[in-house]
Amino acid sequence: MPKWEELDLPWPDEFEVSINSGPTETAPSIAWAHAQAKSKLNSVACVCMSNRPVGSASVTVAGDSRPVWFAGSPMSVECFFRWLLAEYAESPDNFETLARSAFSKLRFVPDCFDGIKAMSKPCRQLAPDIVKHLGVLSDEGRQIFSKPWQDAPARFGSLGIEISDENGNTKGNAKARSEREIAIDGASRLFWWHTKIEPHQDRIHISPDDVAAGEQIIVGIFCRHLTV
């Protein structure tokens with residue numbers, strides 16, 4: 001790996017840092033991460049090799065305070081990418097770029113994030129909720145859908161996520177079916193299950209059909225609402 005001083009990226013103003021208003025310490029690498037934090041979505045994380053708390057911390061260099069993420073485990077690295085999206089994502093392209101790093105246990109249909117454009121609010125406003133929903137699906141979805149599916153709404157509900165399967169009328173509607181059907185690897189997948197960012201709008205449609213075979217939940221559709 002290259003050393004940070006070999007990269008053509010912003011240089012720290014100085015190497016003295018304060019973390020969360022704590023005592024000043026000499027930490028060149030943390031100061032360098034602070035300098036990159038100005039780039040927001042292109043920020044970098046610091047790998048903790050000590051007892052520093054993981055997660056976001058306010059780092060001050062030369063009187064300028066910026067958030068810097070400290071990572072100390074594979075999961076905290078994944079959470080770093082979630083944090084970037086929740087804090088800074090401005091467009092579906094941002095999700096397309098970082099989603100696989102942020103939600104490693106999910107599979108995404110190509111270009112599915114374009115559907116965010118049809119949701120009720122701009123991507124920047126929806127980003128924290130999208131991250132929350134995808135995070136729960138990634139962390140807990142396979143375990144939940146490995147058990148009786150009728151229990152899934154209650155189990156997701158206990159985690160702050162509203163989810164449901166479509167009812168019989170919707171499943172019997174040819175137009176509704178076609179809107180939710182996607183061919184993946186030569187096989188048709190139906191995305192009946194969906195989380196609800198709001199009770200009446202903004203859906204993330206998923207297919208948990210392959211969970212029983214040990215495969216990932218597939219995220220297929222972002223939309224305001226489909227035909228019911």
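Below: a short report on this structure. (Residues numbered from 1 in each chain as written. Predicted model: local features only at pLDDT ≥ 70, side-chain atom pairs only at ≥ 80, totals over all residues. Heavy atoms only, no water.)

**Re the overall build of the chain**
Phase 1: The number of helices and strands found in the chain is 7 helices and 12 strands.
Phase 2: Seen along its three principal axes, the alpha-carbon backbone of the chain occupies a region of about 65 × 35 × 30 Å.
Phase 3: Out of the 228 residues in the chain, the part that is buried amounts to 46%.
Phase 4: For the chain, contacts bridging at least 24 residues in sequence account for 55% of all contacts bridging at least 6.
Phase 5: Of the roughly 11,600 Å² of accessible surface on the chain, a fraction of 51% belongs to carbon and sulfur atoms.
Phase 6: One finds the centroid of the 24 positive side-chain charges in the chain at a distance of 6 Å from the centroid of its 30 negative side-chain charges. (Helix = DSSP H or I, 4+ residues; strand = E, 2+ residues; numbered from the N terminus. Buried < 20%, exposed > 50% of the residue type's maximum accessible area, 1.4 Å probe, protein only. Contact = heavy atoms within 4.5 Å. Areas by Shrake-Rupley, 256 points an atom, 1.4 Å probe, with all protein chains shown as cover. Lys, Arg positive; Asp, Glu negative; His and termini not counted. Charge placed at Lys NZ, Arg CZ, Asp CG, Glu CD.)

**Focus on the sheet that holds strand 11 (residues 201–207)**
Phase 1: Read from one edge of the open sheet, 5 strands run 6-12-11-10-7, paired in mixed fashion. The open sheet has two edge strands with one neighbour each: strand 6 (106–108) and strand 7 (163–164).
Phase 2: Direction of pairing for strand 7 relative to strand 10 (residues 193–198): antiparallel, over a ladder of 2 bridges. In the strand pairing of strand 10, Ser 164 is matched with His 194.
Phase 3: Running over the sheet, helix 4 (residues 123–145) touches strand 6, strand 7, strand 10, strand 11 and strand 12 (217–223) and is turned about 145 degrees from strand 10. (Pairing = 2+ DSSP bridges. Axes fitted to C-alpha atoms, helices over the stretch in contact; angles between N-to-C directions.)

**Considerations on the layout of surface pockets**
Phase 1: When its volume is computed, the largest pocket comes out at roughly 190 Å³.
Phase 2: Forming the boundary of the largest pocket are Met 1, Pro 2, Lys 3, Trp 4, Leu 7 and Trp 32.
Phase 3: Classifying every residue of the lining of the largest pocket by side-chain character gives 5 nonpolar, no polar and 1 charged. (1 Å grid on protein atoms, 1.4 Å probe; cavity = no way out; pocket = protein on both sides within 12 Å on 5 of 7 lines; lining within 4 Å. Points joined across faces, edges and corners; volume = space filled by probe spheres on them. Nonpolar A, V, L, I, M, F, W, Y, C, P; charged D, E, K, R; others polar.)

**Points about the pattern of salt bridges**
If charged atoms from side chains of opposite charge come close, those side chains can pair.
Phase 1: Counting across every chain of the model gives 12 salt bridges.
Phase 2: Between Arg 82 and Asp 139 there is a salt bridge whose closest N-O contact spans 2.8 Å. Separated by 57 residues along the polypeptide, Arg 82 in helix 2 (residues 74–88) and Asp 139 in helix 4 bring together distant segments of the chain.
Phase 3: Of the charged contacts, one joins Arg 107 and Asp 185 as a salt bridge, the two residues approaching to 2.8 Å between their closest N and O atoms. Of this pair, Arg 107 sits in strand 6 while Asp 185 sits in the loop between strand 8 (181–184) and strand 9 (187–190); the two residues are 78 residues apart in sequence, bridging distant segments of the chain.
Phase 4: Taking the relative accessible area as the measure of exposure, Arg 107 reaches 31% and is therefore partly exposed. (Salt bridge = Lys/Arg side-chain N within 4 Å of Asp/Glu carboxyl O.)

**Focus on the environment of Gly 220**
Phase 1: Among the structural elements, Gly 220 can be located in strand 12.
Phase 2: Classification of Gly 220 by relative accessible area gives buried; the value is 7%.
Phase 3: Linking Gly 220 and Ala 71, residues 149 residues apart in sequence, is a C-alpha distance of 30 Å.
Phase 4: Discounting chain neighbours no more than four positions away, the residues touching Gly 220 are Val 109, Cys 112, Ile 182, Phe 191 and His 205.

**Quick word on the sheet that holds strand 4 (residues 55–61)**
Phase 1: An order of 2-1-4-5-3 is seen for the 5 strands of this open sheet, with the pairing classed as mixed. Looking at strand neighbours, the two that pair on one side only are strand 2 (25–26) and strand 3 (45–47), the edges of this open sheet.
Phase 2: Its contacts with the sheet put helix 1 (residues 28–36) on strand 1 (16–19), strand 2, strand 3, strand 4 and strand 5 (64–71), and the angle it makes with strand 5 is roughly 110 degrees.
Phase 3: Strands strand 3, strand 4 and strand 5 of the sheet are contacted by helix 2, whose axis makes an angle of about 145 degrees with strand 5.

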